[in-house]
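Residues per chain are reported as follows:
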Amino acid sequence: MIYKVDIKTISRVDFKDITRRVNEIVAKSGVINGICYIYVPHTTAGVMINEHADPDVVRDIEAQLDAMVPQHSGYRHREGNSPAHIKATLIGDSETLFVEEGRLVLGTWQGIFFAEFDGPRSRHIFIKITSD
Ligand code: ZN
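Residues numbered from 1 in each chain as written. Predicted model: local features only at pLDDT ≥ 70, side-chain atom pairs only at ≥ 80, totals over all residues. Heavy atoms only, no water.

*Asks:* Explain the sheet that holds strand β6 (residues 103-104) residue by residue, including any values.
*Replies:* If you trace the 5 strands from one edge of the open sheet to the other, you get β1-β8-β3-β5-β6, paired in antiparallel fashion. Looking along the sheet, the strands with just one partner apiece sit at the ends: β1 (2-8) and β6. Note that β1 and strand β8 (residues 122-131) share 7 bridges and pair antiparallel. In the sheet register, Val5 faces β8, and the bridge partner there is Ile125. Along the sheet, helix α1 (residues 19-29) contacts β1, β3 (34-39), β5 (94-100), β6 and β8; its crossing angle with β1, the most-contacted strand, is approximately 155°. (Pairing = 2+ DSSP bridges. Helix = DSSP H or I, 4+ residues; strand = E, 2+ residues; numbered from the N terminus. Contact = heavy atoms within 4.5 Å. Axes fitted to C-alpha atoms, helices over the stretch in contact; angles between N-to-C directions.)

Here it is, written out as structure tokens:
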């Protein structure tokens, strides 16, 4: 089965730490050892794993994505949100994690972030957990 998790973002760019929510889905699934797949079905949002101990890391990632992908650069896409599409492509739309003893296997400083680039919006992610 696939779990659908609703996510509300509150600003144009918004990195939401979803680590706890994903761990709650893992617990609900009853899977003790296996694989957790996270998929973002949006074209202007993504998912990434990075440091969630120091919030400045995510702020630096946001600032450098802005520097790499300017807000105005002669984009052709008429909707006007090409920077969001490009940033979502750079970040990626899925992650695969191990599940051991009923918990996600993550490094000490790692967290899972939903990365919004064209908010605020009501979003969702899909999660599938398979057992060994
Ligand atoms: Zn668009």
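There is more to say after this.
*Asks:* Could you give me a rundown of the environment of Ala45, with the residues and numbers involved?
*Replies:* Positionally, Ala45 belongs in strand β4 (residues 45-51). You can call Ala45 buried: its relative accessible area is 2%. When the C-alpha positions of Ala45 and Phe114 are compared, they lie 7.4 Å apart, and in sequence the two are 69 residues distant. If we skip the residues at most four places from it in the chain, Ala45 touches Val40, Ala88, Phe114, Ala115, Glu116, Phe117 and Arg123. (Buried < 20%, exposed > 50% of the residue type's maximum accessible area, 1.4 Å probe, protein only.)

*Asks:* With reference to specific residues and values, describe the coordination of the zinc ion.
*Replies:* Where a metal carries four tetrahedral donors, each ideal angle is 109.5 degrees; where it carries six octahedral donors, the ideal angles are 90 or 180 degrees. Ligation of the zinc ion by protein atoms is provided by His77 (NE2), Glu79 (OE), Asn81 (OD1) and His85 (NE2), these donors lying 1.9 to 2.2 Å from the ion. Of note is the zinc ion, whose 4 donor atoms meet at the metal with angles of 90 to 150° in an arrangement that counts as irregular. A residue is classified by how much of its surface remains accessible, and His77, at 35% relative accessible area, is partly exposed. (Donors = N, O, S within 2.8 Å, 3.2 Å for Na, K, Ca; no water. Tetrahedral: all angles 85-135°; square planar, octahedral: opposite > 155°, others 65-115°.)

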